[in-house]
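# Structural characterization, general
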Amino acid sequence: MVERQPDDLDLDAVFKALGHPIRREIIEQLADGPKSVSELAEPHDVSLAAVSKHLRVLEDAGLLDVEEDGRVRRCHLDAAPLSDVFGWLTRYRVLWEDRFDALADHLENEDR
């Protein structure tokens with residue numbers, strides 16, 4: 001059995017959060033600044049309850065902070081977990097670039 005490190009679990013939550021198009025669109029909406037739940041729900045053809053569930057997934061992944069002001073819930077993007085994902089992806093991008101460079105070198109030398 002493989003034991004997961006705490007960082008792996010955070011990455012899993014972020015990838016899960018990014019795995020749905022509505023959640024990715026909500027992240028893009030929040031990149032422009034804080035928005036209320038109703039403002040976030042407006043462009044999506046789903047119920048307010050469904051948007052709230054999507055917001056919970058984003059919050060659980062650490063991508064969203066919710067501030068309650070009376071009856072209004074304002075959501076703020078926390079992009080720090082995206083930085084962790086970027087670092088993880090960059091490591092594998094470099095690996096694959098190296099492999100493709102080695103393959104290109106091999107193919108060039110084979111032609112000689």
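Residues numbered from 1 in each chain as written. Predicted model: local features only at pLDDT ≥ 70, side-chain atom pairs only at ≥ 80, totals over all residues. Heavy atoms only, no water.

- The protein chain appears in an unreviewed UniProt entry as Winged helix-turn-helix transcriptional regulator from Halorarum salinum.

## With respect to the nonpolar core
- In this structure, Ile-26, Leu-55, Leu-58, Leu-63 and Cys-75 are the most contacted members of the largest nonpolar core, which totals 19 residues.
- Contributing elements (two or more residues each) for this core: helix 1 (6-18), helix 2 (21-31), helix 3 (37-41) and helix 4 (48-60).
- Discounting chain neighbours no more than four positions away, the residues touching Leu-55 are Ile-26, Val-37, Leu-40, Leu-64 and Cys-75. (Core = buried A, V, L, I, M, F, W, Y, C linked by side-chain atoms within 4.5 Å. Buried < 20%, exposed > 50% of the residue type's maximum accessible area, 1.4 Å probe, protein only. Helix = DSSP H or I, 4+ residues; strand = E, 2+ residues; numbered from the N terminus. Contact = heavy atoms within 4.5 Å.)

## Comments concerning the pairing of strand 2 (residues 64-69)
- Direction of pairing for strand 2 relative to strand 3 (residues 72-77): antiparallel, over a ladder of six bridges. Bridge pairing in strand 3 links Glu-68 to Arg-73.
- Between strand 2 and strand 3, which follow one another and run antiparallel, lie two residues, and Gly-70 among them has a positive phi close to 70 degrees. (Pairing = 2+ DSSP bridges.)

## Notes on the side chain of His-54
- Locating His-54 in the fold gives a position in helix 4.
- Once residues within four sequence positions are removed from consideration, His-54 is found in contact with His-20, Ile-22, Arg-23 and Ile-26.

## Focus: a nonpolar patch on the surface
- Together, Phe-15, Trp-88, Leu-89, Tyr-92, Leu-95, Trp-96, Phe-100, Leu-103 and Leu-107 make up an exposed nonpolar region whose accessible area comes to about 830 Å².
- Take Phe-15: it is sitting in helix 1. (Patch = residues over 30% accessible without salt bridge, like charges linked within 9 Å, V, L, I, M, F, W, Y side chains within 5 Å. Areas by Shrake-Rupley, 256 points an atom, 1.4 Å probe, with all protein chains shown as cover. Salt bridge = Lys/Arg side-chain N within 4 Å of Asp/Glu carboxyl O.)

## Remarks on the side chain of Arg-23
- Looking at the secondary structure, you find Arg-23 in helix 2.
- It turns out Arg-23 is buried and unbridged, and the closest side chain with the opposite charge, Asp-60, is 9.7 Å from it.
- At a separation of 3.1 Å, a polar atom in the side chain of Arg-23 contacts the main-chain carbonyl oxygen of Lys-16.
- Non-local contacts of Arg-23, meaning those with residues more than four positions away in its chain, are made with Lys-16, Ala-17, His-54, Val-57 and Leu-58. (Lys, Arg positive; Asp, Glu negative; His and termini not counted. Polar contact = N/O pair within 3.5 Å; in protein donor to acceptor, adjacent residues only side chain to side chain.)

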